Amino acid sequence: MTNPPLVDLRHELHRRAELSGHERRTAAFVAEHLRASAPDGLVADLGGHGVAAVFAGAAPGPTLLVRADLDALPLPDRAAPGWASTTAGVSHRCGHDGHATMLLGLARALADRRPERGRVVLLFQPAEETGHGARTILADPAFAGIAPDRVLAVHNLPGFPLGTLVLREGPFASASCGLEIILTGVTSHAAEPERGLSPVPVAAELALQLPQLPAATVDSGPGGLVTVVGVDVGSDAFGVSPGTGRVLATLRTATDDQMAALRDAARRLAGDLAARSGIAWAIRWHEEFPGTANDANIVGHLTAAAERAGIPIRRPREPFRWSEDFGHFTARWPGALVGLGSGESQPPLHHPDYDFPDALLEPGVAFWRLAVDALLAD
């Protein structure tokens, strides 16, 4: 099998865009091209549609896991016709096609030159966007044989100069979770609302007060955010005063401890407002992401290696508000999630006009090679 240009691989992955948990064709394509690099081990169907390739060094040493993500988003595609998604309403609006391609490029580099010591595990993970993929990978018994000592992942970051390395110690990506508050009252005729128990006032108060919780909850710390993403009460039955409703919100904090405090505050608020109105209530949590915290020692090694190679470094003062389920890995092993600038004029992640810049592929592979050598030499 010949090695096609990385740009061609990225475009093919973009065409194959699949939602979280459905990455079957994407995983098969990745596995096919990994085999061409002759890894020392290949594990398929890991945690669902995950794929892992192992490249062993000549001497014993630590195992470094580097991870890319495979899934796409439920968003229509506006990519160039030559590589537009073939799945209607599904597209790579976060750059996972580029992340996977860079890791396939690293596989080629490792095929040409194995690490001097230790092992490199290239993990292609499903279902990052929903927060389930990392958990299913870690729970799969097959993962025990490739468990790492250190972990590393990269995310492209629009708004930073192309190829710039974005590093910070401690919290890098926020913890987040989806909150669903279910309200149950009693329907009545719209002409006699007093004979029922409408959840509308409680839903309205929740929509107003939930975003104020981070400022009122000292433990949620700076960077706490609650975004109301939906209010669902009643219908177009103009003769009926509603009896049920839901309020949906996303909670974000820099750390997991802060998230626990913010969740408790949201629970208390829902309970207090419902109790005052006699409304029954319940809470469900969705798409729970831990915070991703970077190990200072690993960030130090990456910094030194980047400086030696002349790679520009940016250090954000605050963690990013978006979330990554790579936090499940950094909670178990020393590791880091780092950013690679994908261009100052690049549309933001999840934007309709976003498309991973092909110009970042080669710099991304070069960074991966640099990082592997630096972290396995220690």
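Residues numbered from 1 in each chain as written. Predicted model: local features only at pLDDT ≥ 70, side-chain atom pairs only at ≥ 80, totals over all residues. Heavy atoms only, no water.

S.K.: Looking at this structure, I do not really get the pattern of salt bridges. What am I missing?
M.R.: Note that side chains of opposite charge can pair when their charged atoms are close. Tallied over the entire structure, the rule returns 20 salt bridges. Here Asp-358 makes a salt bridge to Arg-10, at a shortest N to O gap of 2.9 Å. Here Asp-358, found in the loop between strand E16 (335–341) and helix H10 (361–377), pairs with Arg-10, found in helix H1 (residues 6–15); they are 348 residues apart in sequence, far enough to count as distant. Given the relative accessible area of 0%, Arg-10 is considered buried. In this structure, Glu-180 engages Arg-246 in a salt bridge whose closest nitrogen and oxygen atoms are separated by 3.1 Å. Separated by 66 residues along the polypeptide, Glu-180 in strand E8 (residues 175–184) and Arg-246 in strand E12 (residues 244–253) bring together distant segments of the chain. (Salt bridge = Lys/Arg side-chain N within 4 Å of Asp/Glu carboxyl O. Helix = DSSP H or I, 4+ residues; strand = E, 2+ residues; numbered from the N terminus. Buried < 20%, exposed > 50% of the residue type's maximum accessible area, 1.4 Å probe, protein only.)

S.K.: Would you explain unusual backbone geometry in this entry?
M.R.: A negative phi angle is the norm for most residues apart from glycine, just as the trans form is the norm for most peptide bonds. A positive phi angle, close to 45 degrees, is found at Glu-287, a residue other than glycine. Considering the arrangement of structural elements, one finds Glu-287 in strand E13 (residues 280–289). A relative accessible area of 46% places Glu-287 in the partly exposed class. Despite not being glycine, His-350 shows a phi value in the positive range, around 70 degrees. With respect to the secondary-structure elements, His-350 resides in the loop between E16 and H10.

S.K.: So what exactly am I meant to see when it comes to the nonpolar core here?
M.R.: Nonpolar side chains in soluble globular proteins generally cluster together in the buried interior. Formed by 47 residues in total, the largest nonpolar core has its most connected members in Val-66, Leu-122, Phe-124, Leu-152 and Leu-302. With 8 residues, H10 is the largest single contributor of residues to this core. Residues within four places of Leu-122 in sequence aside, it is in contact with Val-51, Ala-52, Ala-53, Phe-55, Val-66, Leu-103, Leu-106, Ala-107 and Leu-110. Among the nonpolar cores identified, the runner-up in size contains 25 residues, and Val-202, Val-226, Leu-273 and Ile-279 belong to it. (Core = buried A, V, L, I, M, F, W, Y, C linked by side-chain atoms within 4.5 Å. Contact = heavy atoms within 4.5 Å.)

S.K.: What exactly am I supposed to notice about the side chain of His-14 here?
M.R.: Checked against the element boundaries, His-14 lands in helix H1. Classification of His-14 by relative accessible area gives buried; the value is 0%.

S.K.: Just checking my understanding: could you explain the sheet that holds E16 for this structure?
M.R.: Strand pairing in a sheet takes place through backbone hydrogen bonds and is either antiparallel or parallel in direction. In spatial order, the strands read E1-E2-E4-E3-E5-E16-E6-E15; together these 8 strands make up an open sheet with mixed pairing. In the strand order of this sheet, the two ends are held by strand E1 (41–46) and strand E15 (313–314), each with one partner. Direction of pairing for E1 relative to strand E2 (residues 50–56): antiparallel, over a ladder of 4 bridges. By the bridge assignment, Gly-41 is partnered in E2 with Val-54. Across the sheet, helix H2 (residues 24–35) touches E1, E2 and strand E4 (117–125), and the angle it forms with E2 is around 15 degrees. (Pairing = 2+ DSSP bridges. Axes fitted to C-alpha atoms, helices over the stretch in contact; angles between N-to-C directions.)

Don't take any of this as a statement about function, it's just geometry.
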